[in-house]
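Given next are the chains, with one letter for each unit.
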Amino acid sequence: MYKLCIPTQPPYEVQIGRNVLSLLADQLKEMFQERRLCLVTDSNVAPLYLDTLRQLLETNYFPCSVFVFPAGESSKNLATYGELLSFMAREQLSRNDVILALGGGTVGDLAGFAAASYMRGIPWVFLPSTLLAAVDASVGGKTAVNLPEGKNLLGAFHQPSLVFCECSFLESLGKEQIQDGLAEILKHGLIADAALFQRFQQPFSLLSEDLPELILRNVEIKSHFVLADEKDQGQRQILNFGHSIAHAIEKCSGYSISHGQAVAIGMLAEIRAAHRMGLSSFPETAIRAVLSRQGLPLSCPFSAEEIWQAARNDKKRRGQQISLVLLSCLGEAHLQELNLDDFREFVQLGMEDRE
């Protein structure tokens with residue numbers, strides 16, 4: 001099993017392995033002896049792993065309450081958040097008890113935000129069940145729900161007490177879910193590790209023996225940016241490469257387009273726009289071929305005006321400025337501030353998919 005300490009405030013450990021779920025109970029005993037657990041998951045994950053996990057926990061004397069909500073980003077809203085908090089209160093969970101989030105990024109965001117706000121903060125543990133969550137959402141302590149006006153506009157920084165990645169959970173993922181994770185892996189390669197990006201010139205398989213090592217490398221990359229800027233005021237924003245347009249795509253689609261698919265489109269569009277505005281010399285051809293080979297989408301189904309209207313309310317906006325991430329070269333990126341008029345041109349140029 002791989003273990004990586006993330007020395008945030010407070011620090012926590014990310015543990016990654018295959019067929020290691022039995023070790024989780026010992027970890028929880030060591031950290032949370034004689035505490036109650038609130039298991040939070042969604043309707044997709046519950047039929048696959050909930051019974052196995054609950055049996056493991058209760059066999060090891062952890063009483064569990066279980067909250068299951070409808071799967072999908074559209075459930076990451078104030079209504080579901082309120083239902084979870086009310087459930088916790090009815091279950092009489094105390095400040096000493098623990099939320100255990102089992103699922104993808106939506107589950108982690110919702111459960112983590114509930115943990116951040118219930119009784120002004122209780123501990124939480126994350127068991128990612130998707131590749132996207134394992135390589136991205138599991139690190140950094142960002143928790144949030146969506147508002148009708150935009151994605152992740154209500155949230156808090158609340159670091160988990162433990163991230164436990166059981167790689168066998170990922171083997172049930174469908175093609176699109178795998179692609180979602182690949183988009184974030186490719187993003188990490190583009191901004192921080194050229195060799196990681198080049199690795200995906202070839203097809204990818206979740207059954208690869210080096211999957212735990214691959215997840216570890218992505219956790220290392222993300223934690224590097226998080227530790228340099230834990231509250232997301234500077235260099236950590238480089239992790240948002242492709243996300244200004246991606247979040248707008250998600251919002252325009254009513255969250256029917258998944259995060260990873262939107263990130264793939266967003267990265268290509270933002271590279272294209274930066275090149276056409278003379279802000280970066282990095283060509284879109286370098287990423288287009290890899291995205292295509294991995295089956296990721298290349299074009300946006302919405303107009304530039306629709307994307308602009310959604311993107312200008314993104315949380316990365318500061319007054320009349322918005323912070324974008326531009327590639328300096330393969331494996332290196334930097335931040336660029338644009339005023340809203342220039343950002344509108346940026347979106348327009350990024351949406352024009354012409355050779």
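Report on the accompanying structure. (Residues numbered from 1 in each chain as written. Predicted model: local features only at pLDDT ≥ 70, side-chain atom pairs only at ≥ 80, totals over all residues. Heavy atoms only, no water.)

Points about the packing of helix H6 (residues 175-192) against helix H8 (residues 211-228)
Describing two packed helices takes the angle between their axes plus the distance from one axis to the other.
1) Next: At a minimum axis distance of 10 Å, the contact between H6 and H8 shows a crossing angle of 55 degrees. On the basis of their axis angle, the class for H6 and H8 is oblique. The way H6 lies across H8 gives a crossing that is left-handed. Listed contacts from H8 to Glu184, Ile185, His188, Ile191 and Ala192 of H6 are Leu214, Asn218, Ile221, Lys222 and Phe225.
2) Next: Its residues assigned to classes, the contact of H6 with H8 shows six nonpolar, two polar and two charged. (Axes fitted to C-alpha atoms, helices over the stretch in contact; angles between N-to-C directions. Helix = DSSP H or I, 4+ residues; strand = E, 2+ residues; numbered from the N terminus. Parallel < 35°, antiparallel > 145°, perpendicular 65-115°, else oblique. Left-handed = near helix turned anticlockwise from the far one by under 90°. Contact = heavy atoms within 4.5 Å. Nonpolar A, V, L, I, M, F, W, Y, C, P; charged D, E, K, R; others polar.)

Some points on the nonpolar core
1) Next: Within the largest apolar cluster, 99 residues are counted, with the highest numbers of intra-cluster contacts made by Val40, Met88, Ile99, Leu131, Ile215 and Phe343.
2) Next: By residue number, the principal contributor to this core is helix H10 (residues 259-276), which donates ten residues.
3) Next: Sequence-distant contacts of methionine 88, that is, excluding residues within four places in its chain, are made with Cys38, Leu93, Ile99, Ala114, Tyr118 and Ile122.
4) Next: Formed by 25 residues, the second largest nonpolar core is a distinct cluster that contains Ala25, Leu57, Cys64 and Val98. (Core = buried A, V, L, I, M, F, W, Y, C linked by side-chain atoms within 4.5 Å. Buried < 20%, exposed > 50% of the residue type's maximum accessible area, 1.4 Å probe, protein only.)

Quick word on the side chain of asparagine 218
1) Next: Note that asparagine 218 resides in helix H8.
2) Next: Exposure remark for asparagine 218: the relative accessible area of 0% places this residue in the buried category.
3) Next: When near neighbours in sequence (up to four residues on either side) are disregarded, asparagine 218 contacts Val135, Glu184, Ile185, His188 and Leu196.

What about the sheet that holds strand E3 (residues 37-42)?
Whenever strands of a sheet pair, they do so through backbone hydrogen bonds, lying parallel or antiparallel.
1) Next: With mixed pairing, seven strands are arranged side by side in an open sheet as E1-E2-E9-E6-E5-E3-E4. A strand with exactly one partner marks an edge of an open sheet, and here the two such strands are strand E1 (2-6) and strand E4 (64-69). Strand-to-strand twist in this sheet, taken as the mean axis angle between neighbours without regard to direction, amounts to 15 degrees.
2) Next: Sheet topology note: the strand E5 (residues 98-103)/strand E6 (residues 124-128) ladder contains five bridges and is parallel. The residue bridging glycine 103 from the neighbouring strand is proline 128, located in E6.
3) Next: In the packing of helix H4 (residues 105-117) onto the sheet, the strands contacted are E3, E4, E5 and E6, and the crossing angle to E5 comes to about 170 degrees. (Pairing = 2+ DSSP bridges.)

A closer look at the side chain of glutamate 250
1) Next: Counting through the fold element by element, glutamate 250 comes out in helix H9 (residues 243-252).
2) Next: The residues touching glutamate 250, leaving out its near neighbours within four places in the chain, are Lys151, Tyr255, Ile257, Ser258, His259 and Ala262.

A closer look at the state of the cysteines
1) Next: Tallying each qualifying case throughout the model produces zero disulfides.
2) Next: Cysteine 64 supplies the cysteine sulfur nearest to cysteine 38, a cysteine that is in no disulfide, at a spacing of 9.0 Å.
3) Next: Look at cysteine 38 and you get buried, because its relative accessible area is 0%.
4) Next: Here cysteine 165 stays free of any disulfide, with the sulfur of cysteine 167 as its closest cysteine sulfur at 4.3 Å.
5) Next: Its relative accessible area of 2% is what places cysteine 165 among the buried residues. (Disulfide = S-S within 2.5 Å.)

So, the packing of aromatic side chains
In this description, an aromatic ring pair is defined by two values, namely the gap between the centres and the angle between the planes.
1) Next: According to the stated counting rule, one finds eight aromatic pairs in the structure shown.
2) Next: When the centroid spacing of 4.3 Å and the interplanar angle of 25 degrees are considered together, the rings of tyrosine 49 and phenylalanine 169 count as stacked. Separated by 120 residues along the polypeptide, tyrosine 49 in helix H2 (residues 46-59) and phenylalanine 169 in the loop between strand E9 (162-166) and H6 bring together distant segments of the chain.
3) Next: In this structure tyrosine 49 comes out as buried when scored by relative accessible area, which is 14%.
4) Next: Seen in terms of ring centroids, tryptophan 308 and phenylalanine 343 are 6.0 Å apart; in terms of plane orientation they differ by 55 degrees. Their pairing is tilted. (Phe/Tyr/Trp six-rings, centres within 6.5 Å; stacked < 30°, edge-to-face > 60°.)

Some thoughts on helix H11 (residues 285-293)
1) Next: Along H11, the residues classified as buried are Ile287, Arg288, Val290 and Leu291.
2) Next: Those residues of H11 that are buried are in contact with H6, helix H7 (194-198) and H10.
3) Next: One or two residues past the end of H11 sits glycine 295, with phi positive at roughly 80 degrees.

Points about the pattern of salt bridges
1) Next: Counting across every chain of the model gives 16 salt bridges.
2) Next: With a shortest N-O distance of 3.0 Å, lysine 222 and aspartate 136 are connected by a salt bridge. Remark: aspartate 136 occurs in helix H5 (residues 131-137) and lysine 222 occurs in helix H8; sequence separation between them is 86 residues. The same class applies to lysine 222 and to aspartate 136, which are both buried.
3) Next: The closest approach of N and O atoms between arginine 217 and aspartate 193, which form a salt bridge, is 2.8 Å. Residue arginine 217 is found in helix H8, and its partner aspartate 193 is found in the loop between H6 and H7; the two are separated by 24 residues along the sequence.
4) Next: On the basis of relative accessibility, which here comes to 31%, the residue arginine 217 falls in the partly exposed class.
5) Next: Residue aspartate 193 is classed as buried on the basis of its relative accessible area of 14%.
6) Next: Connected via shared salt-bridge partners are Glu73, Lys76, Asp109, Lys151 and Glu250. (Salt bridge = Lys/Arg side-chain N within 4 Å of Asp/Glu carboxyl O.)

Examining the pairing of strand E12 (residues 332-339)
1) Next: Strand direction decides the pairing type here: strand E11 (residues 321-329) and E12, joined by eight bridges, are antiparallel. When the bridges of E12 are listed, isoleucine 322 appears paired with leucine 338.
2) Next: The hairpin formed by E11 and E12 contains two residues between the paired strands, and glycine 331 there has a positive phi angle of roughly 95 degrees.

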